[in-house]
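Below, each chain spelled out in residue letters.
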Amino acid sequence: MIAMLLAGGQGSRLSVLTKDMAKPAVPYGGKYRIIDFPLSNCVNSGIDTVGILTQYEPFELSEYVGNGQPWDLDRMGGGAFILPPYQRSGGSAWYKGTANAIYQNMAFIDRFSPEYIAILSGDHIYKMDYSKMLAVHEEKGAACTIAVCEVPWEEASRFGILSMDEDGFLTKFAEKPKHPESNLASMGIYIFSTEKLRHYLEEDEADPASANDFGKNVIPRMLAAGEKMAVYAFKGYWKDVGTINSLWDANMDVLNPNVPLDLYDPDWKIYSRSPVMPPHYIGKDASVQDSMVTEGCDVDGTLDFSILSSGVTVGKGAEVRYSIVMPNALIKEGAKVEYAVVAERAVVGENARVGRKPEDMKEPEEWGVAVVGPGVELPPGAVVAPREIIGRKKARAE
């Protein structure tokens, strides 16, 4: 089995965080990028050939993956391959959808003659052994196996929703239904028998009305044709980090001992391309509790239930609480950052205020995570309100 990793999405709901980079390249958990999770899952599952399909703002993601060495994917007979759209004899075309992206790379797949293909999403946080999913696929003699997990009923309309019979086969599939019949959500992880995948991708490509999408078109087409579609129920931690709030939640989960996302498991390591930096430094007047501080950080202020990525500086008298601070950001003296995301290379000026606690709000619906975008420089005394997202412009002074 080889893996095809869909990593070309814009991630528009992450707003300024993905203005200049693909969503899978967004920093997560202090020392990771989102794409580290599916790549680490592949190598831990024994998959040594991964095609990474890029399209939107691919430079930072492509630079980060490189030759795949941090994930043990720098191999002679396989490895990690960046697969952007390219010009062909018949012209060139952007990837029109998830299914079309795989269709355009069938020649790459044919180089390895795999019996099975895993289709993975590059923008979820989870740890999964794909070899166990493959065992179910083979045991049931399925044309396609779909990984699912239970989601809260109130969120079910955001996902592809499935129903299955008592034998574990798919009976219904609805993409983002307004009135879901179950809370079993597709994780966007599929295993296909190669020739079945080829057949249905060719049919999909020949349909001018198709959106060329697995969830909207290919899966319903296979189900309607009577193919054996198995369901693989996943029981571990899984988070779709497609919004600012879900990204913030997923980072806070790293600090929560009751959440089953163990980044310290020696039997299932999450690998990353970490920068070479000196150890972090905690100043004599600093206060740090329940937080994660990565290499190269310099902390002289107060840190509470927060995550600092590499190279972050927190000045004297500054406070960072329930927040995510991404690589090489600077929180200057006296600044206060609460329930916020401060992106890469951002500068929060002296005595600036970013975000507020939920209990400080008169109306609960007014609260939300505040965001300071990549490279933004907030002036001294600036104020960023809850739910406010600051791109490359100045915030107001208090």
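Up top is the structure these notes are about.
All of the points below concern the structure found in this document.

1. Describing the overall build of the chain
When helices and strands are tallied, the chain shows eight helices and 31 strands. A compact globule built from 398 residues should have a C-alpha radius of gyration of about 21 Å, and the chain, at 22 Å, falls within 12% of that. Structurally, the chain occupies a C-alpha span of about 65 × 50 × 45 Å along its principal axes. Burial statistics for the chain: of 398 residues in total, 56% are counted as buried. When contacts within the chain are restricted to residue pairs at least 6 apart in sequence, those whose partners lie at least 24 apart make up 58%. Accessible area for the chain stands at about 17600 Å²; split by element, carbon and sulfur atoms hold 48% of it. For the chain, the distance from the average site of its 40 positive side-chain charges to the average site of its 55 negative ones is 4 Å.

2. Quick look at the packing of helix α6 (residues 194–205) against helix α7 (residues 214–224)
Relative orientation of the contacting elements α6 and α7 amounts to 120°, with a least axis distance of 10 Å. By the angle class used here, α6 and α7 are oblique. Handedness of the crossing formed by α6 with α7: right-handed. The segment α6 lies against α7, with L197, Y200, L201, E203 and D204 engaging F214, N217, V218, R221 and M222. When the residues that make up the contact of α6 with α7 are grouped by side-chain class, the tally is six nonpolar, one polar and three charged.

3. What about the sheet that holds strand β29 (residues 377–378)?
Here we have six strands laid out as an open sheet, ordered β14-β17-β20-β23-β26-β29, and parallel in their pairing. Among the strands making up the open sheet, the edge pair consists of β14 (281–282) and β29. Sheet topology places strand β20 (residues 313–314) next to strand β23 (residues 330–331); two bridges connect them, and they run parallel. The residue bridging T313 from the neighbouring strand is L330, located in β23.

4. Overview of the sheet that holds strand β25 (residues 340–342)
An order of β16-β19-β22-β25-β28-β31 is seen for the six strands of this open sheet, with the pairing classed as parallel. Here the strands that pair on one side only, and so sit at the sheet edges, are β16 (292–293) and β31 (389–390).

5. Notes on the environment of P84
Its location among the elements puts P84 in the loop between β5 (79–83) and α3 (98–103). Judged by its relative accessible area of 37%, P84 is partly exposed. Taking the C-alpha atoms as reference points, P84 and Q55, 29 residues apart in sequence, are found 5.7 Å from one another. Filtering out sequence-adjacent residues up to four positions away, P84 remains in contact with T54 and Y95.

6. What to know about the environment of H280
With respect to the helices and strands, the residue H280 is situated in the loop between α8 (244–254) and β14. Owing to a relative accessible area of 40%, H280 belongs among the partly exposed residues under this scheme. A sequence separation of 84 residues divides H280 from K196, and the C-alpha atoms of the two residues are 52 Å apart. If sequence neighbours within four positions are ignored, H280 has contacts with V293, T294, E295, G296 and C297.

7. Section: the packing of aromatic side chains
Per the counting criterion, the structure on display carries 15 aromatic pairs. Seen from their ring centres, F81 and F108 are 5.2 Å apart, and the 65° between their planes marks the pair as edge-to-face. Of this pair, F81 sits in strand β5 while F108 sits in helix α4 (residues 106–110); the two residues are 27 residues apart in sequence, bridging distant segments of the chain. The rings of W248, F305, Y322, Y339 and W367 are connected pair by pair, giving a single aromatic cluster. Between R33 and the ring centre of Y64, over which it is positioned, the NZ or CZ distance is 5.7 Å. When the ring centre of F169 is taken as reference, the NZ or CZ atom of K140 above it lies at 5.2 Å.

8. Remarks on helix α1 (residues 36–44)
With eight of nine residues buried, α1 lies mostly within the body of the structure. For α1, the full list of buried residues reads D36, F37, P38, L39, S40, N41, C42 and V43. With its phi angle positive at about 85°, G46 sits one or two positions after the end of α1.

The rules behind the values
- Residues numbered from 1 in each chain as written.
- Predicted model: local features only at pLDDT ≥ 70, side-chain atom pairs only at ≥ 80, totals over all residues.
- Heavy atoms only, no water.
- Helix = DSSP H or I, 4+ residues; strand = E, 2+ residues; numbered from the N terminus.
- Rg over C-alpha atoms; globule rule 2.2 N^0.38 Å.
- Buried < 20%, exposed > 50% of the residue type's maximum accessible area, 1.4 Å probe, protein only.
- Contact = heavy atoms within 4.5 Å.
- Areas by Shrake-Rupley, 256 points an atom, 1.4 Å probe, with all protein chains shown as cover.
- Lys, Arg positive; Asp, Glu negative; His and termini not counted.
- Charge placed at Lys NZ, Arg CZ, Asp CG, Glu CD.
- Axes fitted to C-alpha atoms, helices over the stretch in contact; angles between N-to-C directions.
- Parallel < 35°, antiparallel > 145°, perpendicular 65-115°, else oblique.
- Left-handed = near helix turned anticlockwise from the far one by under 90°.
- Nonpolar A, V, L, I, M, F, W, Y, C, P; charged D, E, K, R; others polar.
- Pairing = 2+ DSSP bridges.
- Phe/Tyr/Trp six-rings, centres within 6.5 Å; stacked < 30°, edge-to-face > 60°.
- Lys NZ or Arg CZ within 6 Å of the ring centre and 35° of its normal.

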